[in-house]
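Chain residues, written in single-letter form:
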Amino acid sequence: MRVLPDHKLSIVLVFFALVVSVRYFLGGVVTNWNEKIEVVEKPDRPYASHVVVEPGAGYFYTWGITASPRSKTVALKGLPDEERYGDTYTQSHRVLTTLTSDLKQVGLTLRDVVNVRAYVVGNDEEPPDFDGWNRAFTEFFGTPDNPHKPARTTVGISRLFISQYKIEVEFVAVFPEGRGPFAEGTRHWLDWERSGRHVYETREIWKSYGRPGFPMSTGKAVDEGQGYFYSSAFLPDTKFPMPPGMPVNPMMFGSFSDQAASILKKMNTAFRSGGVSYEDIFFVRTIMFPEKGRPIGPNFGRFGREYVKYFTNDSNPNKPTRTVMSAPGYASMGPLMSLEMYGALPDDFDAFEEGAHIAILGKPDAISAPAVGVSPDANKVWFSGVIAPTEGSLTEEFNAVWTATMEALDAAGATFEDMVHTRIYLETTHVKNDTDALKKALETVIKASGSIHRPALTVLPIVDLPGGARIEIETMAGVRP
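Being a predicted model, the structure only gives us computed values, none of them experimental.

Brief notes about the overall build of the protein chain
- Looking only at helices and strands, the protein chain has eight helices and 20 strands in total.
- Summed over all atoms, the accessible surface of the protein chain reaches about 20,900 Å², with 55% contributed by carbon and sulfur.

Things to note about the pairing of strand β20 (residues 471-479)
- Among the nine residues that make up β20, nine are buried, leaving the element largely enclosed by the rest of the structure.
- The pairing of strand β16 (residues 379-383) with β20 spans four bridges and is classified as antiparallel. Across the sheet, the residue bridging to Trp382 is Met476, located in β20.
- Direction of pairing for strand β17 (residues 386-387) relative to β20: antiparallel, over a ladder of two bridges.

Some words on the environment of Leu110
- Tracing the backbone shows Leu110 in the loop between α2 (88-105) and β5 (113-121).
- Taking the C-alpha atoms as reference, Leu110 lies 9.5 Å from Leu96; in sequence the two are 14 residues apart.
- When near neighbours in sequence (up to four residues on either side) are disregarded, Leu110 contacts Thr100, Leu103, Phe140, Phe141, Asn146, His148 and Phe171.

Here's the deal with the packing of aromatic side chains
- Under the criterion given, the structure shown has 30 aromatic pairs.
- Here Phe60 and Tyr209 contribute two aromatic rings whose centre-to-centre distance is 6.1 Å and whose plane-to-plane angle is 85 degrees, an arrangement assigned as edge-to-face. Of this pair, Phe60 sits in strand β4 (residues 59-62) while Tyr209 sits in strand β8 (residues 206-209), and the two are 149 residues apart along the sequence.
- Where Phe283 meets Tyr342, the ring centres are 4.9 Å apart and the plane angle is 20 degrees; that geometry is what we call stacked. Of this pair, Phe283 sits in strand β11 (residues 281-288) while Tyr342 is found in strand β13 (residues 337-344), placing the two residues 59 residues apart along the sequence. Take Phe283 and Tyr342: they sit in the same class, and that class is buried.
- Three or more aromatic residues joined by ring pairs form one cluster here, namely Phe161, Phe229, Phe234, Phe271, Tyr278, Phe300, Phe303, Tyr307, Tyr310 and Phe311.
- One Lys or Arg, Arg135, reaches over the ring of Tyr89 and ends 3.9 Å from the middle of that ring.
- The ring of Trp206 carries Arg203 above its face, with NZ or CZ at 5.8 Å from the centroid.

Quick word on the sheet that holds strand β7 (residues 167-174)
- The six strands are arranged β6-β5-β7-β4-β9-β8 in an open sheet whose pairing can be described as mixed. A single partner strand is all that each edge strand has here, and the edge strands are β6 (151-157) and β8. Across this sheet, the average inter-strand angle for adjacent strands is 10 degrees, counted without regard to direction.
- Where β4 and strand β9 (residues 219-222) come together, four bridges link them in antiparallel fashion. Of the residues in β9, the one forming a bridge with Thr62 is Gly219.
- Relative to β7, α2 is tilted by about 30 degrees, and along the sheet it contacts β4, β5, β7 and β8.
- Together, β5, β6 and β7 form the strand contacts of helix α3 (residues 130-137), whose direction differs from that of β6 by roughly 150 degrees.

Points about the packing of helix α5 (residues 256-273) against helix α6 (residues 297-307)
- Axis separation between α5 and α6 bottoms out at 9 Å; the angle between their running directions is 40 degrees. One element, α5, and the other, α6, form an angle in the oblique class. You can see that α5 and α6 cross each other, and the crossing is right-handed. Facing α5, whose interface residues are Phe256, Ser257, Ala260, Ala261 and Leu264, α6 presents Asn299, Arg302, Phe303, Glu306 and Tyr307.
- Residue composition of the contact of α5 with α6, grouped by class: six nonpolar, two polar and two charged.

Re α2
- Across its 18 residues, α2 extends 26 Å between first and last C-alpha, which sits within 8% of the 26 Å expected from 1.5 Å per residue.
- Among the residues of α2, those classed as buried are Thr88, Tyr89, Gln91, Ser92, Arg94, Val95, Leu96, Thr98, Leu99, Asp102 and Leu103.
- Here the buried face of α2 lies against β4, β5, α3 and β7.
- Following α2 by one or two positions, Gly107 has its phi on the positive side, about 90 degrees.

Cut-offs used in this document
Residues numbered from 1 in each chain as written. Predicted model: local features only at pLDDT ≥ 70, side-chain atom pairs only at ≥ 80, totals over all residues. Heavy atoms only, no water. Helix = DSSP H or I, 4+ residues; strand = E, 2+ residues; numbered from the N terminus. Areas by Shrake-Rupley, 256 points an atom, 1.4 Å probe, with all protein chains shown as cover. Buried < 20%, exposed > 50% of the residue type's maximum accessible area, 1.4 Å probe, protein only. Pairing = 2+ DSSP bridges. Contact = heavy atoms within 4.5 Å. Phe/Tyr/Trp six-rings, centres within 6.5 Å; stacked < 30°, edge-to-face > 60°. Lys NZ or Arg CZ within 6 Å of the ring centre and 35° of its normal. Axes fitted to C-alpha atoms, helices over the stretch in contact; angles between N-to-C directions. Parallel < 35°, antiparallel > 145°, perpendicular 65-115°, else oblique. Left-handed = near helix turned anticlockwise from the far one by under 90°. Nonpolar A, V, L, I, M, F, W, Y, C, P; charged D, E, K, R; others polar. Expected span 1.5 Å × (residues − 1).

So, in structure tokens, the structure goes:
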């Protein structure tokens, strides 16, 4: 073997270091080591402006990870309950370490992550520690070892399943060519083939991870070449029809079990009318709106009893991956929970109009569609959450954030009509007045666009947003390459 002289080896090493430095510090468009991803950075932020994923890529969706997702033995022993899991920074570091391990299990690394969503717990006495989360995040992303920056959204919520948990994080990652459990003959393909999880799969296009006894998957790998659909957040109906103009009474929505049953039935009906079903779902986000000071555990148990009537049963053994969290939400108005679901379009899905890459599933209303599909031959663009640059009234902040969102879409070669799924986070203590004002402002800008397109939509009242903002908008688009 030929060995370079010391002086020539030094030149090679210096040149390599310069290439890495230029790549890391330039900002703008940066091609990731994963050839299916293109990152558009924010040079002054630890996350990207947006990430573009090439058509037909395979995805891995994780569940929502908390500081001790698998066993309480992970927690610190011998300490009071409020200290067992550590502060937000400590928990964030554990969560990101666990997610790194989960990625490794399917042949991925942090450089393959395209979207990160973080829910940081806070309240009036102890606001969300966004700084602690950021400190941990910047030890995993945008570092010399891993210069990659994913799209990211961070919001403050009221609580998680265990009251000592301070953060929950979800990842969406993309499989590079030749890696992962769908790359036949690889170690990760063999590991899954031996796992015995085949019995949970309702579609050959995905592979589930997690313990056999879990009612959900800890991660869902989806094969290449799929179309996807994303639902709006569904709220429960009242137990009986409401006459026009009649004021809403929270008692009209019934118990938590009633509301869970209402939502699951309504989503099932909406999906089937749009040409998809619960067998096509791979991700469920459960958002609970409990009354102040009440734990979410009992309600989650009630939700679970309704959930298994549609999932993880003999007729539909499908185990989607799932996130569970709690926000102030709409409890004061009556609804105690909402649900969002993501799925893969079936092979016989035919709702795309000729030449179109976006399809509305179901009948849209003035501002949103029940769900929106994106074809396999479109780029998917994941945007970081956007907040208003300056403070103002709710309508002023919304208009500023909406304008910034449209500018971000334009920078990615997209328009409003490419918008697939939009989530609007609203920091508010006056839920009804503020959400009504927000929806009115949203309807105004959508009508002004002149478009008949309606995205899937979630409006979520939450505890707090970074920088003291009142509104944050996060979106995902499908764009023709």
